[in-house]
Amino acid sequence: MPTPLKGSASQPGTGFRAGLVDMYSATTPQAGKLRAAHVSAVVRLTPETMLANIGSAGLILWTFAPDIGWELLLWFAGILTVCLFALRSWRASLGRQFTHASPGTLHKATLHAMLLSGVWAFIPLFWFPGASDSQQLIIATLLTGMIGAGGFVLNPLPLASMAYVAVFSASTLVALLSGNRPVYSAVAAFISVYAPLVTLGALSAWRKSAALMNAESQSQRQEQMISVLLSDFEQNAGDALWETDAAGRLVHISPKLCELLQLREEQVAGTAWMGVFVPMDADGAVALSEALASGKPFKELPLSFDSAAGKRYIQINGKALLDEQGQLSGWRGVVSDVTEKVQSTNLLRQLAHTDSLTGLTNRFKLRESLAQRVADQQPLALLAIDLDRFKAINDRHGHSAGDEVLRLIAQRLQQQLPPDAMVARLGGDEFAVVLWTPEDIEQAPAIGRRLVNLLQEPLNLAVRRLTVGGSVGLTISHGEPTTLDELMAQADIALYAAKDAGRSQCVAYTPELGAINQRRATLEHSLRQALHRQELQLYWQPKVCLRTRAIVGAETLMRWRHPVLGWISPGEFIPIAEQSGMITALGSWALLEACRMHASALRGLTVSVNVSSIQLRDENFVAVLQDAIAEFRVDPAQLELELTESVFLDSADQALAMLHTLKKTGVKLAMDDFGTGYSSLSYLRSFPFDTLKIDRAFVIELVEKKDAEAVVHMITGLAQTLGMRTVCEGVETPEQLQAIQRAGCDEVQGYIVAKPMPLQEFVAFRKAWETTPTRLPAARA
């Protein structure tokens with residue numbers, strides 16, 4: 001049903017009639033509230049209008065004095081009765097909140113207006129004709145004024161206003177036209193024009209007031225709705241609203257705000273916003289003061305404070321409030337509890353920079369520190385450490401014993417090395433030590449020999465006593481120009497020399513050790529011919545969906561069988577390929593072969609291909625990728641490129657730009673070995689990877705450390721939040737499988753499913769798996 005506001009804003013005729021009908025017949029709560037507002041606007045003036053009527057009636061008596069007959073006194077009594085009745089009703093309504101009026105209330109008001117104007121009609125009908133000229137002038141002037149005043153006073157009630165004006169005008173016109181004097185006709189013509197104008201003016205005023213009341217009502221409803229939404233927001237979100245006046249005192253204190261600040265309402269009521277934080281976080285309070293003093297909007301301003309539950313972290317957003325003159329009237333904003341986010345970020349940062357098994361610095365943090373030192377041409381000593389008999393311990397006593405050995409070795413290294421030394425675990429049984437100070441660098445050979453002796457000391461495990469031993473390779477840079485890779489290679493060459501010397505040795509790099517690179521040179525030369533001689537082949541390792549137990553993908557892994565040296569480990573020839581620049585050709589061949597095999601034997605699976613950071617820097621890589629997809633008609637959504645965090649080491653911005661370009665081709669991108677480097681947390685949000693591959697180091701710890709499963713669960717939760725799937729690689733035991741399922745991982749890859757295998761074996765394995773998928777152990781409840 002249309003409202004007066006809508007009617008007045010649309011078609012004038014139809015809207016006006018619809019507005020009247022709505023006002024005098026609609027039964028909705030909103031119509032009742034608007035009627036009450038209109039009636040109240042008239043009722044408020046009851047004392048003034050009734051007293052004006054009584055005074056006007058007294059003026060009539062004075063006009064006819066002293067010849068006042070009983071009939072005129074009776075008429076005055078009628079006026080007095082009607083007015084006193086109206087005043088009685090008005091007095092009875094005092095103190096009551098008039099919020100709703102029925103259509104009947106408006107009809108009663110119309111009848112009252114007709115009754116009052118009807119009593120007044122007796123004057124022009126019965127006393128005007130016989131009155132003297134002066135009396136007629138007073139009566140005509142008085143009635144004309146009452147028509148205008150009454151019409152406008154009653155304009156909030158349009159029917160009452162029209163009835164009042166109509167009765168007054170009709171009685172006046174009858175009196176004037178019944179006379180035979182020309183002047184009466186002129187006055188009648190004036191009344192005929194004046195009365196409709198009064199009516200139109202009253203109706204126009206009514207329409208404007210109705211529109212204004214309707215707008216105010218809608219504004220109140222909107223404010224109520226906003227209040228409800230804000231209250232619901234505070235109750236269900238981790239945020240709270242705050243608002244201050246111009247003096248900086250809090251004027252909006254909600255239970256949620258007190259909860260976030262760990263304070264009671266009486267502690268913050270009437271308190272300056274700044275004063276709340278000074279005892280909690282002095283530095284943060286200074287930053288907040290500066291933000292408020294600037295007068296500009298601010299967001300994510302961090303503060304922290306200690307509570308009974310531990311360290312709490314919050315962020316404050318704020319915006320200045322201005323009055324109508326543009327002067328500052330206060331501030332309003334939101335306080336957000338970011339404790340869980342900060343704790344998760346800190347934990348992920350720690351995971352990204354430390355080795356999860358030993359707590360030492362990891363490989364990528366070590367490279368980051370060394371790269372800066374090398375770039376600044378500062379002296380340092382680098383010692384590469386490799387345990388001599390660690391594989392035998394794993395084979396004989398299991399991985400749990402091997403992990404315990406690594407932890408004990410890490411503790412010994414930290415305890416025995418100089419306090420300024422950096423100790424890192426590179427992976428597996430490999431460690432590294434960096435010496436920074438001139439004194440330590442000078443003593444590097446002695447420190448290396450001491451480490452060898454330290455590693456030979458027996459280790460006391462829970463139920464056994466083991467001796468491991470280790471070899472140390474040392475290289476010293478005195479600040480001469482070099483590169484990080486050269487420095488690492490020198491340490492590795494020295495380490496290989498120590499192993500070749502019978503292990504448990506410390507060997508320093510010298511130019512004479514260049515002969516040790518002969519194998520590397522041989523492999524590099526042979527690798528350049530390997531593609532032409534068809535010595536390289538792709539092996540495939542399946543990925544299984546933990547929900548459906550179906551094989552959903554396969555990772556392609558490059559293998560090289562040298563005609564003389566036999567099988568060459570990818571860990572040996574891939575670094576050679578990267579350092580020699582051959583990785584681009586090898587990677588392109590692997591990509592083309594993977595697409596070719598996907599188009600035939602591997603249809604329906606997501607094929608994963610490892611991509612080196614060097615390939616990404618090749619300007620032709622995207623073209624090679626697009627050509628492979630087009631040539632073999634591969635669905636890009638079923639082709640996944642696995643990238644290690646090293647792609648971000650040189651130029652993060654350039655790498656991200658390349659990744660966005662790759663994403664436009666439709667292929668999927670996976671972050672491989674998550675958690676082993678520094679860039680995981682930094683770039684996960686910057687670029688939306690499709691898959692997050694959790695490093696085997698976490699998988700190993702799932703059944704050994706109580707908090708390891710929680711860490712993996714947190715990583716999977718992070719991946720789900722960012723819209724990524726998770727793949728746990730290196731899963732070998734049923735216990736590990738059950739743990740990753742509890743942690744919420746999506747896919748599994750590892751020896752528990754199958755080792756990497758040639759294509760024909762993989763096809764046969766896949767076929768057999770489809771007939772007996774229950775070979776993967778089921779998760780326990």
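Summary of the structure given here. Since the structure is predicted, the reported quantities are computational estimates derived from the model, not experimental observations. (Residues numbered from 1 in each chain as written. Predicted model: local features only at pLDDT ≥ 70, side-chain atom pairs only at ≥ 80, totals over all residues. Heavy atoms only, no water.)

1. A closer look at the overall build of the chain
Scanning the chain from terminus to terminus reveals 31 helices and 22 strands. In terms of overall size, the chain is more extended than a compact globule, its C-alpha atoms giving a radius of gyration of 46 Å where 781 residues would be expected to give roughly 28 Å. Dimensions of the chain, computed from the C-alpha atoms along their principal axes, are close to 145 × 65 × 55 Å. Looking at the 781 residues of the chain, the share that counts as buried comes to 48%. Of all intrachain contacts in the chain linking residues separated by at least 6 positions in sequence, the fraction that spans at least 24 positions is 65%. Carbon together with sulfur atoms contributes 55% to the accessible area of the chain, which is approximately 38,400 Å² in total. The average position of the 68 basic charges and that of the 76 acidic charges among the side chains of the chain differ by 7 Å. (Helix = DSSP H or I, 4+ residues; strand = E, 2+ residues; numbered from the N terminus. Rg over C-alpha atoms; globule rule 2.2 N^0.38 Å. Buried < 20%, exposed > 50% of the residue type's maximum accessible area, 1.4 Å probe, protein only. Contact = heavy atoms within 4.5 Å. Areas by Shrake-Rupley, 256 points an atom, 1.4 Å probe, with all protein chains shown as cover. Lys, Arg positive; Asp, Glu negative; His and termini not counted. Charge placed at Lys NZ, Arg CZ, Asp CG, Glu CD.)

2. With respect to the sheet that holds strand β4 (residues 310-322)
As summarised here, the arrangement of the five strands in space is β2-β1-β5-β4-β3, forming an open sheet in which the pairing is antiparallel. On the outer flanks of this sheet lie β2 (250-252) and β3 (298-307), each paired with one strand and no other. This sheet shows a mean twist of 35° between the axes of neighbouring strands, independent of strand direction. Of the strand pairs in this sheet, β3 and β4 are connected by eight bridges, and their pairing is antiparallel. (Pairing = 2+ DSSP bridges. Axes fitted to C-alpha atoms, helices over the stretch in contact; angles between N-to-C directions.)

3. Re the packing of helix α14 (residues 339-353) against helix α29 (residues 708-721)
For the pair α14 and α29, interaxial distance at closest approach is 12 Å and the crossing angle is 110°. Judged on the interaxial angle alone, α29 and α14 are roughly perpendicular. Crossing geometry of α14 relative to α29 is assigned as left-handed. Counted together, S344, L347, L348 and L351 of α14 and V711, M714, I715 and L718 of α29 form the full contact between these two elements. Split into classes, the residues belonging to the contact of α14 with α29 amount to seven nonpolar, one polar and no charged. (Parallel < 35°, antiparallel > 145°, perpendicular 65-115°, else oblique. Left-handed = near helix turned anticlockwise from the far one by under 90°. Nonpolar A, V, L, I, M, F, W, Y, C, P; charged D, E, K, R; others polar.)

4. As for helix α6 (residues 103-127)
With 25 residues, α6 extends 37 Å between its outermost C-alpha atoms, agreeing within 8% with the 36 Å of an ideal straight helix rising 1.5 Å per residue. The sharpest bend along α6 reaches about 25° and sits at W120, with the proline P124 one to four residues further on. Turning to α6, its buried residues are P103, L106, T110, A113, L116, S117, V119, W120, A121, I123, P124 and W127. (Expected span 1.5 Å × (residues − 1). Bend = angle between axes of the 7 residues up to and from the residue.)

5. A word on the side chain of R766
By the secondary structure assignment, R766 is in helix α31 (residues 759-771). The buried category is assigned to R766, whose relative accessible area is 17%. Aside from chain neighbours lying at most four places away, what touches R766 is I551, A601, L602, R603 and L605.

6. Considering the sheet that holds strand β8 (residues 422-427)
Across the sheet, six strands lie side by side as β6-β8-β9-β7-β12-β13; this open sheet has mixed pairing. Pairing within the sheet leaves two strands with one partner each, and these edge strands are β6 (361-362) and β13 (506-508). By the bridge criterion, six bridges tie strand β7 (residues 380-387) to strand β9 (residues 430-435) in an arrangement that is antiparallel. Paired with A381 across the two strands is L435, which belongs to β9. Contacts from helix α20 (residues 484-500) reach β7, β12 (470-477) and β13, with the element oriented near 145° to β12.

7. Notes on the packing of helix α4 (residues 46-64) against helix α7 (residues 133-153)
For any two helices packed against each other, one specifies the crossing angle of their axes together with the interaxial distance. For the pair α4 and α7, interaxial distance at closest approach is 10 Å and the crossing angle is 170°. What the angle tells us is that α4 and α7 run roughly antiparallel. Counted together, T49, N53, S56, L59, I60, W62, T63 and F64 of α4 and Q135, I138, I139, L142, M146 and V153 of α7 form the full contact between these two elements. For the contact of α4 with α7, the per-class residue count stands at nine nonpolar, five polar and no charged.

8. Some thoughts on the packing of aromatic side chains
With the rule as written, the count across this model stands at six aromatic pairs. Ring geometry for F298 versus W331: centroids 5.8 Å apart, planes at 45°, classification tilted. Taken together, the positions of F298 in strand β3 and W331 in strand β5 (residues 328-337) put the pair 33 residues apart, joining distant regions of the chain. The class for F298 is buried, based on a relative accessible area of 12%. Looking at W331, the relative accessible area reads 5%, which means it is buried. Plain terms: the ring middles of W560 and F573 are 5.6 Å apart, the flat faces sit at 85° to each other, and that makes the pair edge-to-face. Of this pair, W560 sits in strand β15 (residues 551-562) while F573 sits in helix α22 (residues 570-580), and the two are 13 residues apart along the sequence. Accessibility assignment for this pair places W560 and F573 in one class, buried. (Phe/Tyr/Trp six-rings, centres within 6.5 Å; stacked < 30°, edge-to-face > 60°.)

9. With respect to the pairing of β9
Two faces belong to every sheet, and in a regular strand the side chains alternate between them. Where burial is concerned, most of β9 is hidden: five out of the six residues are buried. Where β8 meets β9, five bridges bridge the pair, whose relative direction is antiparallel. The partner of M422 across the bridge, within β9, is V434. Counting the residues between successive antiparallel strands, the hairpin from β8 to β9 contains two residues, one of them, G428, with a positive phi of roughly 60°.

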